[in-house]
There are 2 protein chains.
Amino acid sequence: MFAFRLTSSGRSPVAPRTGVITTARGEIRTPAFMPVGTLATVKSLLPEEVASTRAEVLLVNAYHLYLRPGHHIVASMGGVHRFMDWPGPVLSDSGGFQVFSLARLGKVDEDGVRFRSHIDGSEHFYTPELAMEVQAALGVDIAMPLDHVLAGQAEIREARDAAERTLRWYERCRQAAGPLPVFAIVQGGIHHGLRRWHARACVELDPPGYSIGGLSVGEAKADTWPTVEAVTAELPVDRPRYLMGVGSPEDLVEAVARGVDMFDCVLPSRLGRNGSMFTGDGRANVRNARYRQDPGPVDPECDCLACSRFSMAYIHHLFRNEELLGYRLATIHNIRYLVRLTERMRAAIEAGQFSAFAAEYLGRYRPSSEAVRSEQKAKWLAQSGFEAQAGGQD
Amino acid sequence: MFAFRLTSSGRSPVAPRTGVITTARGEIRTPAFMPVGTLATVKSLLPEEVASTRAEVLLVNAYHLYLRPGHHIVASMGGVHRFMDWPGPVLSDSGGFQVFSLARLGKVDEDGVRFRSHIDGSEHFYTPELAMEVQAALGVDIAMPLDHVLAGQAEIREARDAAERTLRWYERCRQAAGPLPVFAIVQGGIHHGLRRWHARACVELDPPGYSIGGLSVGEAKADTWPTVEAVTAELPVDRPRYLMGVGSPEDLVEAVARGVDMFDCVLPSRLGRNGSMFTGDGRANVRNARYRQDPGPVDPECDCLACSRFSMAYIHHLFRNEELLGYRLATIHNIRYLVRLTERMRAAIEAGQFSAFAAEYLGRYRPSSEAVRSEQKAKWLAQSGFEAQAGGQD
C-alpha cells in the first residue's frame, strides 16, 4: 500500500509543498526527515527514542543488511520491523551507491554488478532482481531500485550510458518488486540537460515517487540547487520527491524551497557522536569549555529529551569523559532538530509564509565549516576513488 | 533522613535477612544491588532505563566527581540527582579506594592523603573533612567515610595501623557530615582477628550502617566468605551491611547467605559492553556465532527490556557490528539480572526457603572463567602496584 496526497501546493512543480504519504505501517507527513538506521539500528538509539523525535519513517540499507546479517536471517526473524522493533514505516536504500563505492571491484555489465564485500572481500553479483529480493525480504515499505552510480566527475557520455542503464534496470526492478513501491532514481550529475532528460524518461515509467541521486557528493553548493530545480521542474506535482543523502539544516530549507519532500542524512548522528549539536544559530560544540558550568539546555527552543531534562554542563561532562550517554543525547537532539525543522516548514508552507520563514531561518542559522563532512569525504575518496555521499553509510 | 528496619531475620547475625532502608528520596528493599554510576551516569543508560531494572539506589564516586566536573559544579547544577536526572536514592563512595590506588602518590599522614590526579597529574590533599564536603555538595543520600586503604597483601601490623586510622578518620567524617548518614567501613584484609576487632571497634561508633571494604580485591574465594562471616558475626542485626565492590551472581548469593544486605559492582556493565550476558546457567557471550540465527531471548526467564523485545540474533548482529545499542541492551539485561536475583532472594528469605534457593541456584549457575576481571586486575596491578577492587572504577 502506497499513496501520496498533497495537502498544500504552489502553482509550480518547483514550489514548496506539504503532503502525506500513506503506507500500511502509518502516514508520513512531508516534508519529512528520515533518520538513518543503516544496519537496522539508528546508531545508539532505541526505536522509542527515534519515535520521541517524531520522525515518522526511517531508512535502512539493503547492501549492508544483505552482507550482515543477511536478508534471509532478517526475514526469518519476521522482517526488519520486528528485528529492530520499529513498528513504523521503513524506506530502504537499494545499496546501489554502496555497491559502486564502498564495495570493491564494482564491475558492471547489463546484467548487474560484480563486487567484493567491504567486510571480508567475498565476491557477490548484485542485480536489479537481487536488490528487490533483498528489500522484499527485509519487508520494507518503500524500496529503491538498483541504479548505475558514477563518480561525480564522470564525462557526460559515460553519465548518459549509466543513466540509460538505470532506466532499463528500473523496469527489471519493478517487475521483480511485486506490490512493493519502488521509486525511480533520477541521475545525471550536474549536467542540467542530462538531468532534465533523465527526469522526463523516469516520468514515462510512472513510478510512485522520485529520488534525486548523485547530489551532496562533494559538488559545489552553487551547482546543487540549480540541478535540483532542473529535476523538480520536470516531475509531476502529485508524486513525492526524495533528495538522497541530504542534509544539513540549511540544505533542507533550500531543497524544500525547490519542491523536495523527503530527506535522509547521517549528519545528525555523526555530528552528535562528535559533540556537535544544532541550534537556531548554527552548531554548538558541547565539548567547548565554555559550557562547563552552563545550567541551560543546548537549545532553549528545543523540546527534545536532552534539552528538556539535561543541562549543557551535564552533556559537556558526559562528552569530556567519553560517556556513551553523551552521544545518545546529542543524537536525539540533532534528529529532533531536523524533524522539528520539517514541522516548522510544513506549518510555514500551510500558512503561505514559507519564503519569509526561509529568509529568517537562513538569515540566522550560520552553517558551520564543513570540516566533519569533508574529512569523511576525504576518507571515502581515499578508500574508493569515489566522491562520497553521506546517505546510508553512517 | 535514614532508617533501616528488618522485615525478616534469622536468629543469628550471620543469617540471611530482608529489610527496608528509608531515605528522603525513597525506600531501598534489601538485599539490594546498586548499579554503578561512577561519573553520575550508569554507563550508556538513561535514568529511566536504570529504573526499568527496578534498581532502587545507585552509586556514584566522590573521587571521580571531585576531579571532574568538580563537586562545586555539580552542586551549582542542583546536586547529583538533578544533574543526572535520577530522583531516587544515591549512595556515594568516598573515593578512599581511588585515592590510594587509581591516583598517584597516595602519601598518607594523620591529616589526610596527598595524591596526584590520574587525569592530569594535579596535586590534591584529600582529608576526611573534604571527602564529606564533596559528598554533601553532591547531595547524596548515603555517604562513605574516607578510609585508609592498603594493598591486600599488607602485613598485619601495617593493616592494624591503617584500621586504627580509619576509626579516627570516621569520627572526623561524622563530625563534618552534619545530618548526612555515614556508614563505617570495616577493614582488616583477610586477617580474621583483625577483622573481628575492627568490626567491634566500628560497632562502638554506632554508625547507621556498615561497609565491608578490602574484599573482592583478588583474594581467593576460600578466604572471602570466612572473612565476611567473621565480620557480620560481630555486627548488630538492626543495621544494614554493604559488601563493597561485590559482585557476581554467585557472590551475591554467598554473601546474602552470610547476612549481607547491599552490593555494588561494575561487572554487569563491564561484561555487558563485552557481550557477556548473565543467564540462569551462567554467562552467555552474545558474540558467539551460535546466536546468529537465534530467534529467542537471551534469557527466557528474564523480563528486561532486551529479553522482552529483542532476539539473540538481533543483539548478536549489533555486537558484530559494534553498534552502541548492543552495549545498552546487554547492560540493561545484566543489571536487571542482578536486581531480579535480589528480588528472588528476598522472596526466598521471606518464605523461609533461602537455603533451598541458594543450593538450587548455585547448583545450576556455572561461574565463568574470571577472564574479564583478571585482565582488569592485571591492568590495575601494573598501574598502581595495588590489587584492584571492581567497585566504583567502571
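Please refer to the structure placed before this passage.
Residues numbered from 1 in each chain as written. Chains lettered and ligands numbered in written order. Predicted model: local features only at pLDDT ≥ 70, side-chain atom pairs only at ≥ 80, totals over all residues. Heavy atoms only, no water.

### Points about the sheet that holds strand S12 (residues 210–212) of chain B
Within a sheet, each strand pairs with its neighbour through backbone hydrogen bonds, oriented either parallel or antiparallel. Residue and element names in this part refer to chain B. Cut-off, in case you're wondering: Whether two strands pair comes down to DSSP finding at least two bridges between them. Only runs of H or I of at least four residues qualify as helices and only runs of E of at least two qualify as strands under DSSP, and these elements are numbered from the N terminus. A fitted line through C-alpha atoms serves as each axis, taken over the contacting stretch for helices, and the angle formed by two N-to-C directions is quoted from 0 to 180°. Contacts are assigned to residue pairs that have any heavy atoms within 4.5 Å of one another.
If you walk across this open sheet you meet the 5 strands as S4-S14-S13-S12-S11, and the pairing is parallel. Among the strands making up the open sheet, the edge pair consists of strand S4 (32–34) and strand S11 (184–186). Shown here is a sheet whose adjacent strand axes are inclined to one another by a mean of 25 degrees, direction ignored. Bridge count between S11 and S12: 3 bridges; the pairing is parallel. For Ala184, the partnering residue across the bridge sits in S12 and is Tyr210. Those strands touched by helix H9 (residues 221–232) are S11, S12 and strand S13 (241–243), and its axis lies near 160 degrees from that of S13.

### Quick notes on the relation of the copies chain B and chain A
Selection rule: To line up the copies, we fit them by least squares on C-alpha atoms, keeping just the residues with pLDDT of at least 70 in both.
Turning chain B through 180 degrees and shifting it by 0.0 Å along the axis lays it on chain A, with an RMSD of 0.0 Å. In the structure described here, the two chain copies are related by an operation that fits a two-fold rotation axis. Residue Leu324 of chain B of chain B places its C-alpha closer to the rotation axis than any other residue of that unit, at 3.9 Å. A symmetric contact is evident, with 100% of the interface residues of chain B recurring at the interface of chain A.

### Some words on the sheet that holds strand S13 (residues 262–264) of chain A
Residue and element names in this part refer to chain A. Overall, parallel pairing links the 5 strands, which are arranged S4-S13-S12-S11-S10 in an open sheet. This sheet does not close on itself; its edge strands, each paired only once, are strand S4 (32–34) and strand S10 (184–186). Direction aside, neighbouring strands of the sheet carry axes that sit 25 degrees apart on average.

### Description of the side chain of Glu250 of chain A
Assignment of secondary structure puts Glu250 of chain A in helix H10 (residues 249–257). Those residues in contact with Glu250 of chain A that lie beyond four places of it in its chain are Leu362, Tyr365 and Pro367 of chain A.

### As for the interface of chain B and chain A
Where the parts come together, the accessible area they lose is often given as the size of the interface. For the record, the criterion: The term buried area denotes the loss of accessible surface (1.4 Å probe radius) that occurs when two parts are joined, taken as the sum for both partners. Criterion for a salt bridge: a side-chain nitrogen of Lys or Arg within 4 Å of a carboxyl oxygen of Asp or Glu. Counted as a polar contact is a pair of N or O atoms within 3.5 Å, where, for protein atoms, one must be capable of donating a hydrogen and the other of accepting one, and residues adjacent in sequence contribute only when both atoms are in side chains.
Taken residue by residue, the interface counts 39 residues in chain B and 39 residues in chain A. Of the roughly 3600 Å² buried between chain B and chain A, counting both surfaces, carbon and sulfur atoms make up 55%. Remark: the boundary between chain B and chain A carries 8 salt bridges. Lys43 of chain A is the salt-bridge partner of Glu323 of chain B, the closest N and O atoms lying 2.5 Å from each other. Joining chain B to chain A, the criterion identifies 20 residue pairs in polar contact (both at pLDDT 80 or more). Mapped onto the side of chain B that touches chain A, the elements with two or more residues apiece are helix H1 (47–52), helix H4 (80–84), helix H12 (305–309), helix H13 (312–320) and helix H14 (324–350) of chain B.

### Some remarks on helix H7 (residues 156–177) of chain A
All names here are of chain A. The condition is simple: Helix span, as expected, comes to 1.5 Å for every residue beyond the first. For every residue, the accessible area (1.4 Å probe, protein chains only) is compared with the maximum for its type, and the residue is labelled buried under 20%, exposed over 50%, or partly exposed between those bounds.
Under the 1.5 Å per step criterion, the end-to-end length of H7 is 30 Å for 22 residues, consistent within 8% with the ideal 32 Å. Along H7, the positions that sit buried rather than exposed are Ala159, Ala162, Ala163, Arg165, Thr166, Leu167, Trp169, Tyr170, Cys173 and Ala177. Elements that come into contact with the buried residues of H7 comprise helix H5 (96–100), strand S7 (104–108), helix H6 (128–138), S10 and helix H8 (192–204).

### Describing the nonpolar core
Rule in force here: What we call a nonpolar core is a set of buried Ala, Val, Leu, Ile, Met, Phe, Trp, Tyr and Cys residues that are connected through their side-chain atoms within 4.5 Å.
Counting 216 residues, the largest nonpolar core has Val80, Tyr126 and Leu243 of chain A together with Val80, Tyr126 and Leu243 of chain B as its most contacted members. Not counting residues up to four positions away in its chain, the partners in contact with Leu243 of chain B are Ile212, Leu215, Trp225, Val228, Ala255, Val260, Met262, Phe263 and Asp264 of chain B.

### Considerations on the packing of helix H6 (residues 128–138) of chain B against helix H7 (residues 156–177) of chain B
Residue and element names in this part refer to chain B. Basically, it comes down to this: Every angle not falling under 35 degrees, over 145, or within 65 to 115 is termed oblique; those three ranges are roughly parallel, roughly antiparallel and roughly perpendicular. The hand of a helix crossing depends on one turn: near helix anticlockwise from the far one by less than a right angle means left-handed, and clockwise means right-handed.
Viewed as axis vectors pointing N to C, H6 and H7 meet at an angle of 40 degrees, and their least axial separation amounts to 8 Å. Between H6 and H7, the angle falls in the class oblique. Where H6 crosses over H7, the two elements pack in a sense that is right-handed. Contacts from Pro128, Glu129 and Met132 in H6 reach Trp169, Arg172, Cys173, Ala176 and Ala177 in H7.

### A closer look at the packing of aromatic side chains
Residues and elements named next belong to chain A. Short version of the rule: Two rings belonging to Phe, Tyr or Trp (six-membered ring only in the last case) form a pair when the distance between their centres is within 6.5 Å. Interplanar angles under 30 degrees mark stacking, angles over 60 mark edge-to-face geometry, and anything in between is tilted.
On inspection of all chains with the given rule, the structure shows 22 aromatic pairs over all chains. Relative to Phe183, the ring of Phe2 has its centre 5.8 Å away and its plane inclined at 85 degrees; by these criteria the two rings are edge-to-face. Of the two residues, Phe2 is situated in strand S1 (residues 2–9) and Phe183 in the loop between H7 and S10; the sequence distance between them amounts to 181 residues. Judged by its relative accessible area of 0%, Phe183 is buried. Judged by centre distance (6.4 Å) and plane angle (40 degrees), the rings of Phe354 and Phe357 are tilted. Placement of both Phe354 and Phe357 in helix H15 (residues 354–364) is noted, with a separation of 3 residues, approximately one turn of the helix.

### What about the pairing of strand S16 (residues 282–285) of chain B?
All names here are of chain B. Alignment of strand S15 (residues 276–279) against S16, held across 4 bridges, turns out to be antiparallel. Following the sheet pairing, Phe278 is matched in S16 by Arg283. With antiparallel pairing between neighbouring strands as the criterion, S15 and S16 make up a hairpin whose turn holds 2 residues.

### Description of the packing of helix H13 (residues 312–320) of chain A against helix H14 (residues 324–350) of chain A
Residues and elements named next belong to chain A. Definition in use: Ten residue types, Ala, Val, Leu, Ile, Met, Phe, Trp, Tyr, Cys and Pro, are classed as nonpolar, four, Asp, Glu, Lys and Arg, as charged, and the remainder, Gly among them, as polar.
The geometry of H13 relative to H14 is characterised by a closest axis approach of 7 Å and an angle of 130 degrees between their N-to-C directions. Of the possible angle classes, the one that applies to H13 and H14 is oblique. Note that H13 runs across H14; the crossing there is left-handed. Facing H13, whose interface residues are Tyr314, Ile315, Leu318 and Phe319, H14 presents Leu325, Gly326, Tyr327, Leu329 and Ala330. Each residue belonging to the contact of H13 with H14 can be placed in one class, and the counts come to 8 nonpolar, 1 polar and no charged.

### Focus on the side chain of Asp299 of chain A
All names here are of chain A. Locating Asp299 in the fold gives a position in the loop between strand S15 (282–285) and helix H12 (305–309). Note on Asp299: relative accessible area 1%, which makes it buried. Those residues in contact with Asp299 that lie beyond four places of it in its chain are Phe278, Thr279, Gly280, Cys307, His333, Tyr337 and Arg340.

### Some details on the environment of Cys302 of chain B
Residues and elements named next belong to chain B. On the secondary structure map, Cys302 appears in the loop between S16 and H12. Classification of Cys302 as buried rests on a relative accessible area of 9%. Once the C-alpha coordinates of Cys302 and Val217 are considered, the two residues, 85 residues apart in sequence, prove to be 30 Å apart. Sequence-distant contacts of Cys302, defined by excluding residues within four places in its chain, comprise Cys307, His333, Arg336 and Arg340.

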